[in-house]
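Per-entry structural report
Spelled out, the chains give:
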Amino acid sequence: DGESVDNSARIEQTGFEGGNEATVTQKNDSYDNEAVVEQSGGDNRATVEQTKNSDDNQATIRQAGDDNRARIVQNDATNDNRATINQSGDDNQATVRQLDGSDYGNVLIRQAGNDNEGRVLQDDDSDNNDATLVQSGNNNGALIEQKDSSDDNAATVRQSGNRNNAYIEQDE
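All of these numbers come straight from a predicted model, not from anything done at the bench.

Thresholds, definitions, all that
Residues numbered from 1 in each chain as written. Predicted model: local features only at pLDDT ≥ 70, side-chain atom pairs only at ≥ 80, totals over all residues. Heavy atoms only, no water. Pairing = 2+ DSSP bridges. Helix = DSSP H or I, 4+ residues; strand = E, 2+ residues; numbered from the N terminus. Axes fitted to C-alpha atoms, helices over the stretch in contact; angles between N-to-C directions. Buried < 20%, exposed > 50% of the residue type's maximum accessible area, 1.4 Å probe, protein only. Contact = heavy atoms within 4.5 Å. Salt bridge = Lys/Arg side-chain N within 4 Å of Asp/Glu carboxyl O.

1. A short note on the sheet that holds strand β3 (residues 22–27)
- Strand order in the open sheet made by the seven strands is β3-β6-β8-β10-β12-β14-β16, with parallel pairing throughout. Strand pairing shows two members of the sheet lacking a second neighbour, β3 and β16 (165–170), which therefore form its edges. Averaged over all pairs of adjacent strands, the angle between strand axes in this sheet comes to 0 degrees, irrespective of strand direction.
- For strand β8 (residues 69–73) and strand β10 (residues 93–97), the ladder comprises five bridges, and the chain directions are parallel. In the strand pairing of β10, Arg69 is matched with Gln93.

2. A word on the environment of Gln159
- Within the fold, Gln159 resides in strand β15 (residues 154–160).
- Taking the relative accessible area as the measure of exposure, Gln159 reaches 29% and is therefore partly exposed.
- Each C-alpha atom of the pair Gln159 and Tyr104 lies 25 Å from the other, and the pair is 55 residues apart in sequence.
- Apart from residues lying up to four places away in sequence, Gln159 is in contact with Gln135, Asn140, Gly141, Ala142, Asn164, Asn165 and Ala166.

3. A closer look at the sheet that holds β15
- Ordered by their spatial adjacency, seven strands build an open sheet running β2-β5-β7-β9-β11-β13-β15, and the pairing between neighbours is parallel. The open sheet has two free edges, formed respectively by β2 (8–14) and β15, since each of these has just one partner strand. When strand polarity is set aside, the average angle formed by the axes of neighbouring strands in this sheet is 5 degrees.
- Inspection of the sheet shows strand β7 (residues 58–64) paired to strand β9 (residues 82–88) by seven bridges, in the parallel sense. Along β9, the bridge assignment pairs Ala64 with Ser88.

4. Some thoughts on the pairing of strand β11 (residues 106–112)
- As defined by bridge partners, β9 adjoins β11 across seven bridges and the pair is classed as parallel. Directly across from Arg82, in β11, lies its bridge partner Asn106.

5. A word on the pattern of salt bridges
- By the definition in use, this model includes eight salt bridges.
- The partner of Arg62 in a salt bridge is Glu38, with the nearest N and O atoms 2.8 Å apart. Note that Arg62 is positioned in strand β7 and Glu38 in strand β5 (residues 34–40), a separation of 24 residues in sequence.
- For Glu49, the salt bridge goes to Arg71, with nearest N and O atoms at 3.4 Å. Residue Glu49 is located in strand β6 (residues 45–51), and its partner Arg71 is located in strand β8; the two are separated by 22 residues in the primary sequence.
- One network of salt bridges, in which partners are shared, links Arg10, Glu12, Glu38 and Arg62.

Remember, this is a structural readout, not a statement about activity or role.
Take a look at the structure:
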């Protein structure tokens, strides 16, 4: 588990009737890394972890169709990281975690379809972060938390459609 610098990981999966699962881990003093996961069709799940003193990393997950679930974790004193999740169709769920002293992070989640769930957690002494969650369709839920001694953060939720819910919690 040594230092990881300037690496690129790309996973592309296409499938139907189950299948698709992807995991990318870049951690322990890692920086300038990029992870991209693209999935279409099937029972898609994807996880990207860029953790433990990992800076200037970029993670992108794109999912289209079926039971999509996506998670990006950029925790434990990680700085200047970017996380992007794009989902369209079916049962989309997206979570991005930039916690535990993770500063200057940028998150963008875009979801199209119905019954989407989007969550961004930038908590626990995580400062100067930006989170944007965009959802189109019906019955969508959005949650952005920037709390627990987390300062100078920005949060934006844009929803179009019917019966959508949004909740933003920030420290004062």
